[in-house]
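An overview of the molecular structure
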Amino acid sequence: MDFQLSDDHRMLQDSLRGILTRHTGEALWPALVEAGVPAALLTEDEGGFDGSGAAIALIFQELGRAGVALPLIPAMIAAAAFAQAGQPAEDGAALAFADAEPGTRHDRGVAISVQGDRLTGRKTMVAGAEGAAAILVTTADALWRLAPDAPGVTIRPYPMLDGQRGADLILEDAPATRLGAIADFGGPLARGVLAHSALALGAITAAVDLTLDYLKQRKQFGQPLIAFQALAHRMADLAVEVEQARSAVTNLSGHLDAEPALRDRHVQACKVTVGRVARLVAEDAVQLHGGIGMTEEYALGGMIRRLLAAETAMGDADWHLERFARGEPAFA
Amino acid sequence: MDMRFTPDELAFRDEVRAFLKAELDPGLARKVRLHDELTKAEMEGWHAKLQARGWLAGNWPTEFGGAGWTPIQRHIFEEESARAHAPRIVPFGIAMLGPVLQKFGSKEQQDHWLPRILNGDDWWCQGYSEPGAGSDLAGLRCAAVRQGDHYVVTGQKTWTTLGQHANMIFCLVRTSTEGKKQEGISFLLIDMDSPGVTVRPIVLLDGTAEVNEVWFDEVRVPVANLVGEENQGWTYAKYLLTHERTNIAGVGFATAALDNLQRVARAQVHRGQPLSQDPLFAAQLAEVEIELMAMSTTNLRMLSQAAQGQAPGIESSMLKIKGTQIRQRLDALTRRAYGGQASALPTLGNEGPDGADEALSATATWLNNRKLSIYGGSNEIQRSIIAGALAKG
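Keep in mind it's a predicted model, so treat the numbers as computed, not measured. (Residues numbered from 1 in each chain as written. Chains lettered and ligands numbered in written order. Predicted model: local features only at pLDDT ≥ 70, side-chain atom pairs only at ≥ 80, totals over all residues. Heavy atoms only, no water.)

The residues that UniProt annotates with the feature "domain: Acyl-CoA dehydrogenase/oxidase N-terminal" (unreviewed entry) are residues 6–121 of chain B. Counting secondary structure, residues 6–121 of chain B comes out at 68% helix and 0% strand; the distance between its end C-alpha atoms is 37 Å. (UniProt positions renumbered as here; feature names shortened; annotations may be inferred. Helix = DSSP H or I, 4+ residues; strand = E, 2+ residues; numbered from the N terminus.)

Right, here's the structure in full:
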């Protein structure tokens, strides 16, 4: 067995870290495109050059650690799904993915219905919907391609928890193109779960590192906080759980191309493990910091918010645990 | 043993319910339920209604204008108020400073300050924590130097809850650096309008700014505003903290959160039926409800001991830990019940998804209630207190 990064992936990691150190805000996206980061998320067949689980895991971990809020995950999922359906890829353009619905925890097709090739209803928390060239939409059992400027489409934007712009998508008899059954798109959707989980893992790592630094620096009762056994043990427990999350992400990235039943077990196990650890870290990192961890101006806050957002994207730990226990496919 | 309320207590509960039904505006109750930030006028308005009924200071003896309630009556009032989503009584004047002045203040201080707390002339805030002294309160440095008839105060306080509304602050200040750290602290009442006082809001993760930093730059405070004796402030602070820890279990708040979660779970769809019918979710909900049932009785057992004059010991630490665990668990389950909808930015007043203010409030509440296990002596400190008492046997 070899869990080391390949030379290509090590170079990718180095260049990505360099970019994330040098560029912020609006300058970041062009720099990432120029470095070929979006293309590394897709296979050659899909118009990219890598698309492996290892590349996806690596890239999103780095982005998560750096706290980047870009709608790169929906763009990746949508591009892969469009390619699989033989639809033209929108080269370099923003793509959105409309999955969550109001009124339901994580079910699909509750607030949205299909009549022929027209969609009516509502999707919520659609990252990057404003300015997207195309939107991938889930219904009860199918995937659809929707043009944002099609008749009957209203986009109502707002800021989201993780720093991105999201939107409600309100559809009234809006024409869309059916790409196929959700069950046939397990591959692109599994990549999305991997990306969200790796992003969460990056934020988890950053939050735990920051917390450890704080416990070493902050003094109370004449000693650094890390000298108090109760806090030290809690930190040790967190470190153990972070490795569990890292392994769950590794498992899924290594099984992205496995046969669907096995891949889906890893999709579910990854969401369950990372979701649980994300929640634990979000709670414990704030607690170990005390009040400062609750403030907007301290760096931990943004990490916590991104953890909470990643936790609920594409089904949370409870939802995937239930499907794992029942032996159901991850996406159907 | 009789676990039922007495006929008098039941009658009192009916009175409280009738009052809440008649006096609590549904719009205000909705804001409280969604954890929206209340305006100063809304909080003062609720205080005034309670004061008109003689119920603002349930914990004060009648000789000082309070209601003189038993611990059980206070529990009933707090639980019914929380379940009805009434605004919480702002604790700084009523629950914290009032009892300290009643026990340690001079007659002049009592006559001047206590009526002003009840009639709303003063809005008090608390100046305890400092950037270098959180749970380790004895390490505080904000200094008061006596010059004739005044103390001159210089230093910084932090986590000053609702300090932006306050005209008065009660502070722990260092008046001596000799001897044990605890022995050089005094309890001082400071006018926030004095020259040299600066208040800066601290924005929290849920977008609210309920806490503040307060700076004192050579602020002159009349010696008449010293409570008790110089360098004896630690004693008064500890007394205040035991009062702060009343209603520490938060049974009413947990019950209200449970009611809300059950309502959400009935409305959310999961596998074509209400989420409340989902076995996995129903089991999680049941577990926390069972925890709450036990904790509620633990709370009543301790209240009943207190009513019989037994001082609470480590029990209040136990209630702090279990009570905050239950509330935080309810908050986490509520977020999970909303699923993907709980990912909007919970900045209050922000434009959010249509009709989703309840989902938005679930995340805001989760973020804001992280404080429960941190403030008032963190849960780690409470565990140390329990372990220390167990070790002493």
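Let us look at the environment of A:His289. Residues and elements named next belong to chain A. Inspection of the secondary structure puts histidine 289 in helix H8 (residues 260–289). With sequence-adjacent residues up to four places away left out, histidine 289 is seen in contact with Leu210, Thr211, Tyr214, Tyr298 and Leu300. Engagement of the side chain of histidine 289 in a polar contact is seen with the backbone oxygen of alanine 285, the distance being 2.9 Å. (Contact = heavy atoms within 4.5 Å. Polar contact = N/O pair within 3.5 Å; in protein donor to acceptor, adjacent residues only side chain to side chain.)

This part covers the domain arrangement of chain B. As assigned here, chain B comprises domain 1 (7–89), domain 2 (124–231) and domain 3 (248–391). On a C-alpha basis, the centres of domain 1 of chain B and domain 2 of chain B stand 30 Å from each other. (Domains from an automatic or database assignment.)

Within a pair of aromatic rings, the relevant descriptors are the distance that separates the centres and the angle that separates the planes. Counted under the stated rule, the structure contains 15 aromatic pairs over all chains. Ring geometry for B:Trp124 versus B:Phe170: centroids 6.2 Å apart, planes at 45 degrees, classification tilted. With B:Trp124 in strand E1 (residues 124–127) and B:Phe170 in strand E4 (residues 168–174), the pair connects residues that are 46 residues apart, well separated along the chain. According to the relative accessible area criterion, B:Phe170 is buried, its value standing at 0%. Feature note: the residues B:Phe104, B:Trp113, B:Trp124, B:Tyr128, B:Phe170, B:Phe187, B:Tyr236 and B:Tyr239 constitute an aromatic cluster, connected by ring pairs. Between A:Arg145 and the ring centre of A:Phe82, over which it is positioned, the NZ or CZ distance is 4.2 Å. Of note, B:Arg370 hangs over the ring of B:Trp366, and the distance from its end group to the ring centre comes to 4.4 Å. (Phe/Tyr/Trp six-rings, centres within 6.5 Å; stacked < 30°, edge-to-face > 60°. Buried < 20%, exposed > 50% of the residue type's maximum accessible area, 1.4 Å probe, protein only. Lys NZ or Arg CZ within 6 Å of the ring centre and 35° of its normal.)

Let us look at the interface of chain A and chain B. Contacts between the two partners involve 53 residues from chain A and, on the opposite side, 53 residues from chain B. For the pair chain A and chain B, the summed buried area comes to about 4300 Å², and 54% of that belongs to carbon and sulfur atoms. When the area that chain A buries against chain B is broken down by residue, the three leading residues are A:Arg105, A:Gln287 and A:Met294, summing to 18%. Our count for the chain A to chain B interface comes out at 7 salt bridges. A salt bridge links B:Arg336 to A:Asp318, with the nearest nitrogen and oxygen atoms 2.9 Å apart. Mapped onto the side of chain A that touches chain B, the elements with two or more residues apiece are strand E6 (153–159), helix H7 (229–254), H8, helix H9 (300–312) and helix H10 (317–326) of chain A. (Buried area = accessible area lost by both parts, 1.4 Å probe. Salt bridge = Lys/Arg side-chain N within 4 Å of Asp/Glu carboxyl O.)

Counted under the stated rule, the structure contains 39 salt bridges over all chains. Between B:Arg335 and A:Glu311 there is a salt bridge; the shortest N-O distance is 3.3 Å. Of this pair, B:Arg335 sits in helix H10 (residues 315–338) while A:Glu311 sits in helix H9, placing the two residues on different chains. Take B:Arg335 and A:Glu311: they sit in the same class, and that class is buried. B:Lys371 is the partner of B:Glu210 in a salt bridge, and the nearest nitrogen-oxygen pair spans 3.0 Å. With a gap of 161 residues between them, B:Glu210 in the loop between strand E6 (197–202) and strand E7 (211–222) and B:Lys371 in the loop between helix H11 (357–368) and helix H12 (379–392) connect regions that are remote in the sequence. Each of the salt bridges in this network shares a partner with another, and the network as a whole consists of A:Glu322, A:Arg323, A:Arg326, A:Glu328 and B:Arg271.

Attention now moves to the sheet that holds strand E3 (residues 118–123) of chain A. Residues and elements named next belong to chain A. Spatial strand order, E2-E3-E7-E6: 4 strands in an open sheet with antiparallel pairing. One side of each edge strand has no neighbouring strand; the edge strands of this open sheet are strand E2 (112–115) and E6. Taken pair by pair, the neighbouring strands of this sheet meet at an average axis angle of 15 degrees, ignoring direction. The pairing of E2 with E3 spans 4 bridges and is antiparallel. Its bridge partner lying in E3, serine 113 is registered against threonine 120. (Pairing = 2+ DSSP bridges. Axes fitted to C-alpha atoms, helices over the stretch in contact; angles between N-to-C directions.)

Attention now moves to the environment of A:Leu16. All names here are of chain A. Take leucine 16: it is sitting in helix H1 (residues 7–22). With a relative accessible area of 0%, leucine 16 lands in the buried category. In contact with leucine 16, not counting residues within four places along its chain, are Leu32, Val37, Leu58, Ile59 and Glu62.

Right, let's get into the domain arrangement of chain A. Each assigned domain of chain A is listed here: domain 1 (7–66), domain 2 (89–175) and domain 3 (184–325). Computed from C-alpha coordinates alone, the two centres of domain 1 of chain A and domain 2 of chain A are separated by 26 Å.

What follows deals with the UniProt feature "domain: Acyl-CoA dehydrogenase/oxidase C-terminal" (unreviewed entry) in chain A. Here, UniProt's "domain: Acyl-CoA dehydrogenase/oxidase C-terminal" (unreviewed entry) annotation points to residues 192–326 of chain A. The distance separating the terminal C-alpha atoms of residues 192–326 of chain A is 22 Å; by composition the span is 78% helix and 3% strand.

Before going further, it helps to examine helix H4 (residues 53–66) of chain A. For H4(A), spanning 14 residues, the distance from its first C-alpha to its last is 20 Å, which sits close to the expected 20 Å at 1.5 Å a residue. Remark: A:Gly67 follows H4(A) within two positions and exhibits a positive phi of approximately 75 degrees. (Expected span 1.5 Å × (residues − 1).)

Moving on, we get to empty space enclosed by the protein. Residues and elements named next belong to chain A. In this structure the tally under the stated criterion is 3 cavities of 30 Å³ or more. A volume near 570 Å³ is recorded for the largest cavity. Looking at the largest cavity, it is lined by 36 residues, and the ones nearest its centre are Met125, Ala127, His196, Ala309 and Ala313. Here the element with the most residues in the lining of the largest cavity is H9; it accounts for 4 residues. Here the lining of the largest cavity is composed, by residue class, of 20 nonpolar, 9 polar and 7 charged. Each of domain 2 (89–175) and domain 3 (184–325) gives at least three residues to the lining of the largest cavity. Residue lining of the second largest cavity: His196, Ser197, Ala200, Cys270, Lys271, Val274, Gly275, Ala278, Ala310 and Glu311, and that is the complete set. Only helix H6 (186–217), H8 and H9 provide two or more residues apiece to the lining of the second largest cavity. A per-element tally of the lining of the second largest cavity places H8 first, with 5 residues. Residue classes in the lining of the second largest cavity are distributed as 5 nonpolar, 3 polar and 2 charged. (1 Å grid on protein atoms, 1.4 Å probe; cavity = no way out; pocket = protein on both sides within 12 Å on 5 of 7 lines; lining within 4 Å. Points joined across faces, edges and corners; volume = space filled by probe spheres on them. Nonpolar A, V, L, I, M, F, W, Y, C, P; charged D, E, K, R; others polar.)

Below, the discussion takes up the nonpolar core. In this structure, A:Ile59, A:Phe60, A:Leu63, A:Leu136, A:Ile204, A:Val281 and A:Ile304 are the most contacted members of the largest nonpolar core, which totals 93 residues. Ranked by residues supplied to this core, first place goes to H6(A) with 16 residues. In this structure A:Ile204 touches A:Val242, A:Val274, A:Val277, A:Ala278, A:Val281 and A:Leu307, once residues within four positions along its chain are discounted. By size, the runner-up hydrophobic cluster in this structure holds 70 residues, among which are B:Val90, B:Met96, B:Leu97 and B:Val227. (Core = buried A, V, L, I, M, F, W, Y, C linked by side-chain atoms within 4.5 Å.)

Residues and elements named next belong to chain B. With their axes 9 Å apart at the nearest point, H10 and H12 run at an angle of 145 degrees to one another. Once H10 is placed against H12, the crossing between them reads as left-handed. Contacts between H10 and H12 involve Ser317, Met318, Lys320, Ile321, Thr324 and Gln325 on the former and, on the latter, Asn379, Gln382, Arg383, Ile385 and Ile386. Split by residue class, the contact of H10 with H12 holds 4 nonpolar, 5 polar and 2 charged. (Left-handed = near helix turned anticlockwise from the far one by under 90°.)

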